[in-house]
Amino acid sequence: QNDHFQWEKYLEETGSLSAPSEYFRQSKIPPANDFKVGMKLEAHDPRNTTSVCIATVVGVTGARLRLRLDGSDNQNDFWRLVDSPDIQPVGTCEKEGDLLQPPLGYQMNTSSWPMFLLRTLTGSEMAPEAFFKKEPPKPPLNNFKVGMKLEAVDRKNPYLICPATIGNVKGDEVYITFDGWSGAFNYWCKYDCRDIFPVGWCNLTGDILQPLGSNVLITKNTTKTQPPPSKAAQRSMQSPQNSAIILPTHQTKKSGRPKPPVCPS
Ligand code: MLZ
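As a starting point, this report considers the structure included with it. (Residues numbered from 1 in each chain as written. Predicted model: local features only at pLDDT ≥ 70, side-chain atom pairs only at ≥ 80, totals over all residues. Heavy atoms only, no water.)

Pairing within the open sheet is antiparallel, and its five strands lie in the order β4-β3-β2-β1-β5. The sheet is open, and its two edges are formed by β4 (78–81) and β5 (87–88), each paired on a single side. With two bridges joining them, strand β1 (residues 40–45) and β5 adopt antiparallel strand pairing. When the bridges of β5 are listed, Ala-43 appears paired with Ile-87. (Pairing = 2+ DSSP bridges. Helix = DSSP H or I, 4+ residues; strand = E, 2+ residues; numbered from the N terminus.)

Here it is in structure tokens:
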């Protein structure tokens, strides 16, 4: 996992703090992921959340599952944590006296649904009940502060978990910004949203934490409470206090060599 993004040096260089893990609605020890590709389960259709459908695990990544609704196409896969309330063992729906629904975008005639359901479940491997974990409780309050670092799902590319910063806080909502990327991926969410994780989450789950975008704002914050900057940080320091330097983090194939640092203002 050492080829993935490493927080330690980055936190030091940016003089930033990571949001404490108890601020998140995530279990402190990430849940075990025992699911296997091909297993079937019940899932709320993300495009029509009141209906419960049959889904197949088409991928396993960290504590998440890549899911595809049976009878749907392969263009609408979605990702859920193994402790998400959106998923449950096959049979749950029936036990509760409900009916399994065809997914939005069911490719065949609705009249074929009962037979399709029978066929898709016959001989398939159902994910055992024990694989589904209980959703952790909500932290009582929104304690996030602007500037705190975290890991967050990129909702435009939901298979990606990326280094992120709290950009704003309003009531029980937080604004998620992605380090090194323009605002195009930013979003507001509730503080207890399941798409945000403490620093170190991907490392613990074995999920892949994405690299920073190419325009990283390194802000030196030399106040008493901060640890002294590293040698590398001192070398790149251009002016004495609170200077902001935009550093290209990786060379692009097009440019060949790295661009010189740009100083705003
Ligand atoms: N292929 C996409 C990925 C962007 C991911 C950004 N995550 C915050 C792109 O390069 O636009």
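Alright, that's what it looks like, and here's the rest.
The next thing to look at is the site of the ligand. Inspection of the region around the ligand gives Asp-154, Asn-157, Leu-160, Cys-162, Phe-178, Trp-181 and Phe-185 as its neighbouring residues. For the ligand, a nitrogen atom lies 2.8 Å from a polar atom in the side chain of Asp-154. When the free accessible area of the ligand is taken as 340 Å², the share hidden by the protein chains comes to 62%. Split into classes, the residues belonging to the shell around the ligand amount to five nonpolar, one polar and one charged. (Near = heavy atom within 4 Å. Polar contact = N/O pair within 3.5 Å; in protein donor to acceptor, adjacent residues only side chain to side chain. Areas by Shrake-Rupley, 256 points an atom, 1.4 Å probe, with all protein chains shown as cover. Nonpolar A, V, L, I, M, F, W, Y, C, P; charged D, E, K, R; others polar.)

The two faces of the sheet receive side chains in turn, since in a regular strand these alternate between them. Bridging between strand β7 (residues 161–170) and strand β8 (residues 173–178) involves six bridges; their strand directions are antiparallel. Opposite Val-169, over in β8, you have Val-174 as the bridge partner. Counted along the chain from β7 to the antiparallel partner β8, the turn is two residues long, and its residue Gly-171 has a positive phi close to 60°. As judged from the four bridges shared by β8 and strand β9 (residues 187–190), these two strands associate in the antiparallel manner. Across the sheet, the residue bridging to Glu-173 is Lys-190, located in β9.

Buried residues dominate β1, accounting for five of its six residues. In this structure, β1 lies alongside strand β2 (residues 48–61), joined through six bridges in antiparallel fashion. Within β2, the position partnered with Lys-40 by the bridge is Thr-56. Between β1 and β2, which pair antiparallel and follow one another directly, the connecting turn spans two residues. (Buried < 20%, exposed > 50% of the residue type's maximum accessible area, 1.4 Å probe, protein only.)

Moving on to the sheet that holds β9. Taken in spatial order, the five strands line up as β9-β8-β7-β6-β10 in an open sheet, and their pairing is antiparallel. Where the open sheet ends on each side, the last strands, each with one partner, are β9 and β10 (196–197). In the sheet, strand β6 (residues 149–153) pairs with β10 via two bridges, with the strands oriented antiparallel. Along β10, the bridge assignment pairs Glu-151 with Phe-197.

Moving on to helix α1 (residues 7–14). Those residues of α1 not exposed but buried are Trp-7, Tyr-10, Leu-11, Glu-13 and Thr-14. All buried residues of α1 fall inside an arc of 165° around its axis, so they share one side. Exposed residues on α1 whose side chains face more than 90 degrees from its buried face are Glu-8 and Lys-9. Positive backbone phi, at 55°, marks Gly-15, one or two positions downstream of α1. (Arc of directions from axis to C-beta.)

A few words now on the nonpolar core. Here is a general trend for soluble globular proteins: nonpolar side chains tend to be buried in one another's company. Grouped together as the largest cluster of nonpolar side chains are 33 residues, with contacts concentrated most on Phe-144, Leu-150, Ala-152, Val-174, Ile-176, Tyr-187 and Ile-196. Elements represented by at least two residues in this core include exactly α1, β6, β7, β8, β9, β10 and α4 (201–205). The element contributing the most residues to this core is β7, with four residues. With 16 residues, the next largest nonpolar core counts Val-57, Val-82, Ile-87 and Ala-127 among its residues. (Core = buried A, V, L, I, M, F, W, Y, C linked by side-chain atoms within 4.5 Å.)

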